[in-house]
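Fold and geometry: a report
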Number of protein chains: 4
Amino acid sequence: MADEITEALEKIFSVDSVLYQERGFQRRIGFGERPALLNIDLANAWTRPGNAFSCENMDVIIPAVQALLTASRAAGIPIVFTTTAYDVTASSPSDMGLWHKKIPVELLQAGSEDCQIDDRIAPLDSEFVIQKKRASGFHGTYLAGFLRAHQVDTVIITGVTMAGCVRHTTEDAIAEGFRPIVVREAVGDRVPGVTEWNLFDIDAKFGDVESLARVLEYLGKIENEGNT
Amino acid sequence: MADEITEALEKIFSVDSVLYQERGFQRRIGFGERPALLNIDLANAWTRPGNAFSCENMDVIIPAVQALLTASRAAGIPIVFTTTAYDVTASSPSDMGLWHKKIPVELLQAGSEDCQIDDRIAPLDSEFVIQKKRASGFHGTYLAGFLRAHQVDTVIITGVTMAGCVRHTTEDAIAEGFRPIVVREAVGDRVPGVTEWNLFDIDAKFGDVESLARVLEYLGKIENEGNT
Amino acid sequence: MADEITEALEKIFSVDSVLYQERGFQRRIGFGERPALLNIDLANAWTRPGNAFSCENMDVIIPAVQALLTASRAAGIPIVFTTTAYDVTASSPSDMGLWHKKIPVELLQAGSEDCQIDDRIAPLDSEFVIQKKRASGFHGTYLAGFLRAHQVDTVIITGVTMAGCVRHTTEDAIAEGFRPIVVREAVGDRVPGVTEWNLFDIDAKFGDVESLARVLEYLGKIENEGNT
Amino acid sequence: MADEITEALEKIFSVDSVLYQERGFQRRIGFGERPALLNIDLANAWTRPGNAFSCENMDVIIPAVQALLTASRAAGIPIVFTTTAYDVTASSPSDMGLWHKKIPVELLQAGSEDCQIDDRIAPLDSEFVIQKKRASGFHGTYLAGFLRAHQVDTVIITGVTMAGCVRHTTEDAIAEGFRPIVVREAVGDRVPGVTEWNLFDIDAKFGDVESLARVLEYLGKIENEGNT
């Protein structure tokens, strides 16, 4: 089934890309000079099996993120992780806002192991974990101000899910004045076709979708300026 | 080709919906008590042929929006239009931010006929046109504060494009605390498959996709409280 | 000294109020129908002596907040606390952004007793504590979306400091579409004259400054609708 | 009277500054490397006599802003003007949100001469005028994203009023990650004492208050990189 879906989608993208390119879409935003690495929702609820939020393809995504973490730490760039979590049992009214009316966010209890970043890609003590309540890593968080204060101009984006938090984060990133670079091998979702489609939309309109190899090459050229 | 694409996508959505429903996604957010009508980028650059931004299916979209405008005016609810426009020729540095590095927003000159709302669905003098710079109607605008000041809890969303401004607006709407209702017949895009896929993603995670008939029925029951 | 300052300020306010009222400022925004209680930075660093952030007048402020908490819990309205805290020792670059370049926020270690809400006004398990990084309770937090999702139209504001977090929160509250009511006996600061001057500015332009008695009377009339 | 007020306030600030400095407040944020000039609400309603919004001291403020414009244009830095304006007569419900319940914003009709920038400091065609609805130049506008897209790290702030739009803009600027520099001779208000007090609060907590001479000296050293 997955192959059939991929094949069907590739045909559609091929037709659509002709029109986009004739019209001046699908341009390259390019890499800037001061990147940050932004890892969206790579907590156990998404990276491990058996959860309503579990995603596919972790045997590719986790090693890709590991490689990006190694390169980013060597380059000394800011690294941010997000997770999505709520005071589910206690709060009245709920910090889930309206989102539990669409998806099962009531399963994401703040402080639970489910909401902690997967220990295969564990943050160092010096790296941030932002606990967000909405899909975008920028929405209702101090992320944009934090990145600006540190003069970041480019966000390398990894994580899940493509149709949810990664997509909304990417849209917000360019709106907030940052160049979004989405790493193809480091993002995913949980239903067939969704990753491909959302990468296609993003590359057409909101940010550049780049291969892991190309992003690692870019990070290798960033000079480590030490902590400022 | 369009039929083939639709058929291929329907198969994918069918498979994906089984998984989503097993997992507790695709819930109904439902209609609230105080709606506003939000028409995204139905300006001539998008609604008329011959522009890089021109969209398909206007023979369905325009009448749907006309019906929604009539019902919304009868109900006395707030009506907002957005357009996207820039001081293209003059500004240095540009108010396009980074977006012209992905899509041809340099074609959208503020004050031009292209950026005016299509006169088949012209705003009344009492209705707002918000000139935005980014994809979302909420991003970098006073829309959220305006809607909250008038105690709106639900946004009925129409317009274009599904993969761009309508999608981002819908994601922001639920994040900002409003129930997004996207009207299936009143939204569109410019490349095959994009509208269907983005409606599928939105209905799974961010807002309810509803038929024009159902939304008109809902609006018919809203009491007109007059201006407050 | 304090009496002299108060006297000098009262004279200035009297002169200024004449001009403001002639010009149509100092209007009443009034109470709405769905209030929330918003307690700004009443954590130990501010409410207890011996800290760079310690504020004056806690023998008045704490009982006032206690009374407001009792009334708000009886009315069943949303109650939110904020604190300001950072990953001071570990993070590189810092989540303090630029603020430690003006004030000693490096003293506010997340998780420390200093950053916990004073236990004389301890939150119930069902009440939120939002850990913010900036002055305003709305800036870089999910507060506005949360309040809108629960259809709040009025925010009763207490806490410290008047020239910092309370002031910025009040300005943002009206911009976001909420009626700000600042409770005179429940707010304070750490240097003479600052509380009086900022209350004067706020009442002229951004929100109503009301007495504790009047706010308690208002809360007494709010019907407890139970949890929704 | 004005002298008496100034004298009384100077005494208070002197006392308060001792405490602030002992506690580690009133630090210097300093100038960054990529400034923008941000002129708040220097439209005729504020700069000319005879309006409810008219401010004092324009014989000092206007020449100061003229000098800053000349220096900023020579340096080739981004220049932004704001004005506050509404669709007063037509809109229902109003884009004034809740603000007309505190101050007479119903006098500020979009498109009127009152809401145009004073022609003694007229924007060039290449410079932005942002029409805002709230006090802060950042709130409900694309300003933060625009500045970040052009890698600005410092905002030189002028205009009126100190207790309203200049104050809120400055608070938001540091929260958004920009270094705020408020130019003492280039800001004002309409009632005695307000300018002094708000400059005192800002310098203690949110941004540096600097003399015109010092800011001009700084701008003189910025290299003009041409348009990017």
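This text goes with the structure placed above it.
Worth saying up front: this structure is predicted, and the values here are computed from it rather than measured. (Residues numbered from 1 in each chain as written. Chains lettered and ligands numbered in written order. Predicted model: local features only at pLDDT ≥ 70, side-chain atom pairs only at ≥ 80, totals over all residues.)

**Regarding the overall build of chain A**
Counting secondary structure elements, chain A contains seven helices and six strands. From first element to last, N terminus to C terminus, chain A shows the α and β order α-β-α-α-β-β-α-β-α-β-α-β-α. Relative to its length of 228 residues, chain A is compact, with a C-alpha radius of gyration of 17 Å against a globular reference of 17 Å. Dimensions of chain A, computed from C-alpha atoms along their principal axes, come out at roughly 55 × 45 × 30 Å. (Helix = DSSP H or I, 4+ residues; strand = E, 2+ residues; numbered from the N terminus. Rg over C-alpha atoms; globule rule 2.2 N^0.38 Å.)

**A few points about the packing of helix α1 (residues 2–23) of chain A against helix α6 (residues 194–205) of chain A**
Residue and element names in this part refer to chain A. Viewed as axis vectors pointing N to C, α1 and α6 meet at an angle of 10°, and their least axial separation amounts to 11 Å. The orientation of α1 relative to α6 falls into the category roughly parallel. Contact residues: Thr6, Leu9, Phe13 and Tyr20 in α1; Glu196, Trp197, Phe200 and Ala204 in α6. When its residues are assigned to classes, the contact of α1 with α6 shows six nonpolar, one polar and one charged. (Axes fitted to C-alpha atoms, helices over the stretch in contact; angles between N-to-C directions. Parallel < 35°, antiparallel > 145°, perpendicular 65-115°, else oblique. Contact = placed C-beta atoms within 7 Å. Nonpolar A, V, L, I, M, F, W, Y, C, P; charged D, E, K, R; others polar.)

**Quick word on the interface of chain D and chain A**
Between chain D and chain A, the residue contacts involve 11 residues of the former and 11 residues of the latter. Ranked by residue count, the leading element in the side of chain D that touches chain A is helix α4 (residues 143–149) of chain D, at five residues. Among the residues making up the side of chain D that touches chain A, the classes are represented as five nonpolar, three polar and three charged.

**Focus: the relation of the copies chain D and chain A**
The pair of chain copies shares a relation made of a rotation about an axis and a shift along it. Rotating chain D by 180° and moving it 0.0 Å along the rotation axis overlays it on chain A with an RMSD of 0.0 Å. Expressed as a symmetry operation, the mapping of one chain copy onto the other fits a two-fold axis. Taken as a fraction of all interface residues of chain D, those also at the interface in chain A reach 100%, which identifies the copy contact as same-surface. (Least-squares fit on C-alpha atoms with pLDDT ≥ 70 in both.)

**Re the sheet that holds strand β6 (residues 208–210) of chain C**
Residues and elements named next belong to chain C. Strand order across the open sheet formed by six strands is β3-β2-β1-β4-β5-β6, with parallel pairing between neighbours. Each end of this open sheet is capped by a strand with a single partner; those strands are β3 (128–132) and β6. Taking each pair of neighbouring strands and ignoring which way they run, the sheet shows an average axis angle of 25°. Here strand β1 (residues 35–40) pairs with strand β4 (residues 154–160) via six bridges, running parallel. Looking at the pairing, Asn39 lines up with Thr158 of β4. (Pairing = 2+ DSSP bridges.)

**A closer look at the relation of the copies chain A and chain B**
Expressed as a screw transformation, the operator carrying chain A onto chain B has a rotation angle of 180° and an axial translation of 0.0 Å, and the superposed copies differ by an RMSD of 0.0 Å. A high fraction, 98%, of the interface residues of chain A reappear at the interface in chain B, so the copies pair face to face through one surface.

**Considerations on the environment of Asp153 of chain B**
Note on placement: Asp153 of chain B falls in the loop between α4 (143–149) and β4 (154–160). Taking the C-alpha atoms as reference points, Asp153 of chain B and Pro35 of chain B, separated by 118 residues in sequence, lie 6.0 Å from one another.

**Considering helix α6 (residues 194–205) of chain C**
Along an α-helix, residues three or four positions apart point the same way, because every turn accommodates 3.6 residues. With 12 residues, α6 of chain C should cover 16 Å at 1.5 Å per step; its first-to-last C-alpha distance of 17 Å lies within 8% of that length. Burial within α6 of chain C is extensive, with 11 of its 12 residues counted as buried. Every buried residue of α6 of chain C is listed here: Val194, Thr195, Trp197, Asn198, Leu199, Phe200, Asp201, Ile202, Asp203, Ala204 and Lys205 of chain C. Against the buried residues of α6 of chain C lie α1 (2–23), α5 (162–175), β5 (179–188) and β6 of chain C together with α5 (162–175) and α6 (194–205) of chain D. (Expected span 1.5 Å × (residues − 1). Buried ≥ 20, exposed ≤ 12 C-beta atoms within 10 Å, placed from the backbone.)

**Re the interface of chain A and chain B**
Across the contact, 44 residues belong to chain A and 43 residues belong to chain B. At the level of elements, α1, α5 (162–175) and α6 of chain A are the ones that each hand at least two residues to the side of chain A that touches chain B. Of the residues forming the side of chain A that touches chain B, the biggest block, eight residues, is contributed by α1 of chain A. Taken together, the residues of the side of chain A that touches chain B break down into 23 nonpolar, 10 polar and 11 charged.

**Here's the deal with the pairing of strand β4 (residues 154–160) of chain D**
All names here are of chain D. Most of β4 is tucked away, with seven of its seven residues classed as buried. Residue alternation in β4 divides its side chains into two sets, Thr154, Ile156, Thr158 and Val160 and Val155, Ile157 and Gly159, and both sets are buried. In this fold, the crossover linking β4 to strand β5 (residues 179–188) by way of α5 has right-handed handedness. (Right-handed = clockwise from strand over helix to strand, strands pointing away.)

**Examining the environment of Ile12 of chain A**
Within the secondary structure, Ile12 of chain A sits in helix α1. Put simply, Ile12 of chain A and Asp87 of chain A are 75 residues apart on the chain and 42 Å apart in space, counted from C-alpha to C-alpha. Ile12 of chain A has contacts with Ile5, Pro192 and Gly193 of chain B, leaving out every residue within four places of it along the chain.

As far as function goes, none of this settles anything; it's purely spatial.
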